[in-house]
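So the chains spell out like this:
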Amino acid sequence: MTQTVQTLSEPELDRMRDFAGRLADRDVGVVVFDPVGQCVVDLRPATAPGQPEQFADLARRAGAGGASEAMDDSGLVAGRLMHGTEPAAVIVLQDLAGGDPTAGLHGAALLADLLAMFLDHLAGTHRAAQQIEKISSELALAYEELMLVYNMSTHMKVTQSSANYLQLAVDQVTQLVDVEGIAIFLEKRIDGMDRFVLTAGAGLVAIDQFTVDQLQQALQTELARGAEALLDSDVDGPFKYPWPRQVHSLIAVPLQGNGRMIGILVATNVVGKPDFDSVDVKLFNCVANQCAVFIENGRLFGDLKELFIGSLKALTNSIDAKDRYTRGHSERVAFISRWIAERLAEVRPVSEDQIHRIYLAGLLHDIGKIGVGEAVLCKKGALTEDERNRIKAHPRIGASILSDIKQMKDIVPGVLYHHERVDGKGYPEGLKGDQIPLISKIIGLADAFDAMTSRRVYRDAMSIRRALAEIEKGLGTQFDEEVGRVFLASDVQKLWDIIQDGFIESWDYSNFGEYGAVAVGTLIR
């Protein structure tokens, strides 16, 4: 009865059947045993004398170790097939010609040589199959690693938050390595001290905020010794470092930035194998390097945004400084414009990017006044017709300045048309109603409110109540009805308090400048 032993593959059994078929034509029978002498398959002709059990002792001797071959006086030859260092099977050849040199293969010695060559062929084929399987596994893993890097690269957008990107990274790793917990800790300054803070994670992360300081020191020690990662477990002996009781295996790699450790990628308790290995070290370092690049790019992008918004504010402040009565006007108009846009977004579709652009347009709305002399801007008496025309030219001048900057194309309409009126009596083009872009309607209202509530060289500031009454009166003529109603319905007193408090919004960004940097991100992403 034919059986299949687990140590032999079906292709190996097929080769043995082919070998037996060729030898049968030369009066040689083939019987395959497992290493302990149990018959696996009898491939002899049906007329072959004897039962396989009669050859079991010879098979056990060949499979027990020592010499890889055995033979006896009855014309039997046995040879052991090895899979690496482990015996996989024993093949017994039986000379069915009864020792007649003219009918068989001329003796046991020749059979032994023939069997040895066949066993060498089988062993070589097995080694090749193992090597192919190993290479296939490595290629599959390499492909998965490449896909991981590709996925991380396609999501590497400087406008994405670090927390979201790092969470994507740990989620991608858990698809390749099964662990109980994985986390990324990033260096942050807390109470004047640099601390590693949990930023992203998955599963049951055994490393808490208190243990991470110990983890950092242990990782630095291993890196100083030339290691690429910290590997520690209780699999083959005690831990090198003390860890919480629920940790049985651990891997940690650094996130490096500017030559120093800025974060740690750590995983605990690998599942499905005894311990983390060199393949895991390679994968974790690859992911950590991608994360470090993202964080560094984000830092550089943040610096760029701050430089950009700083330059814009310096420019607008230089314009506001021409007249001490309008100092801070541009920042206030930007903030009020944002306030109106956010309230409008509650009743109609206005995207966050649109709100950012409205804010920036408000900041830059008077940039054209750089081309108007201080004598006109600061004149205490009535303006002449020529002086009024020079003042009215500032929207065109501002739009002209910004139009050469491609990132400002969505800002230009807000600068150019912020003095238009819905009744068509504004300037510079006398647009009416819906001809005026929404961004311009909002900035025009914000500009008017700040102008009315600010002291000017030619008049004192209006009260909030009076300014709101003027806006109410101007709805449908100077101001857009919808935009005006939204503003009047908002908590203007709260807006006023925020402005007087220096734009501090405890429920939003920590300071006015921080929001400006965020808004600039919509232009240079």
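Because the structure is a prediction, the values reported are computed rather than measured.

If you walk across this open sheet you meet the five strands as β7-β6-β10-β9-β8, and the pairing is antiparallel. Edge positions in the open sheet fall to β7 (193-203) and β8 (230-233), since each of these has one partner strand only. In this sheet, neighbouring strand axes are inclined to one another by 20° on average, regardless of whether the strands run parallel or antiparallel. Relative to β7, helix α4 (residues 162-174) is tilted by about 50°, and along the sheet it contacts β6 (179-190), β7 and β10 (260-270).

A full pass over the atoms with the stated rule returns five aromatic pairs. Ring geometry for tyrosine 165 versus phenylalanine 294: centroids 4.1 Å apart, planes at 15°, classification stacked. One end of the pair, tyrosine 165, is in helix α4; the other, phenylalanine 294, is in helix α6 (residues 278-320), and 129 residues separate them in sequence. Overall, the relative accessible area of 0% leaves tyrosine 165 in the buried class. Among the residues examined, phenylalanine 294 registers a relative accessible area of 2% and is labelled buried. In this arrangement the basic side chain of arginine 343 is found over the ring face of tryptophan 339, its NZ or CZ atom lying 3.7 Å from the centre.

For a regular strand, side chains alternate in direction, first toward one face of the sheet and then toward the other. As paired strands, strand β1 (residues 28-33) and strand β2 (residues 39-42) are joined by three bridges and run antiparallel to one another. Across the sheet, phenylalanine 33 pairs through a bridge with cysteine 39, a residue of β2. Where β1 folds back on β2, the antiparallel hairpin that results is connected by five residues, among which glycine 37 adopts a positive phi of roughly 95°.

Inspection of every chain in the model, using the stated rule, returns 29 salt bridges. With a shortest N-O distance of 3.1 Å, aspartate 42 and arginine 44 are connected by a salt bridge. Note on arginine 44: relative accessible area 11%, which makes it buried. Of the charged contacts, one joins aspartate 386 and arginine 390 as a salt bridge, the two residues approaching to 3.1 Å between their closest N and O atoms. You can see aspartate 386 and its partner arginine 390 sitting in helix α10 (residues 385-392), four residues apart, about one turn around the helix. Exposure remark for aspartate 386: the relative accessible area of 46% places this residue in the partly exposed category. On the accessibility criterion, arginine 390 (41% relative accessible area) is partly exposed. The network of salt bridges with common partners includes Glu10, Asp14 and Arg17.

This brings us to the side chain of aspartate 480. Following the sequence through the fold, aspartate 480 ends up in the loop between α14 (464-474) and α15 (481-489). Note on aspartate 480: relative accessible area 16%, which makes it buried. One polar contact links the side chain of aspartate 480 to the main-chain amide nitrogen of glutamate 482, over a distance of 3.1 Å. If we ignore the near neighbours within four places in the chain, the residues touching aspartate 480 are Val422, Lys441 and Leu475.

Definitions and limits used
- Residues numbered from 1 in each chain as written.
- Predicted model: local features only at pLDDT ≥ 70, side-chain atom pairs only at ≥ 80, totals over all residues.
- Heavy atoms only, no water.
- Pairing = 2+ DSSP bridges.
- Helix = DSSP H or I, 4+ residues; strand = E, 2+ residues; numbered from the N terminus.
- Axes fitted to C-alpha atoms, helices over the stretch in contact; angles between N-to-C directions.
- Contact = heavy atoms within 4.5 Å.
- Phe/Tyr/Trp six-rings, centres within 6.5 Å; stacked < 30°, edge-to-face > 60°.
- Buried < 20%, exposed > 50% of the residue type's maximum accessible area, 1.4 Å probe, protein only.
- Lys NZ or Arg CZ within 6 Å of the ring centre and 35° of its normal.
- Salt bridge = Lys/Arg side-chain N within 4 Å of Asp/Glu carboxyl O.
- Polar contact = N/O pair within 3.5 Å; in protein donor to acceptor, adjacent residues only side chain to side chain.

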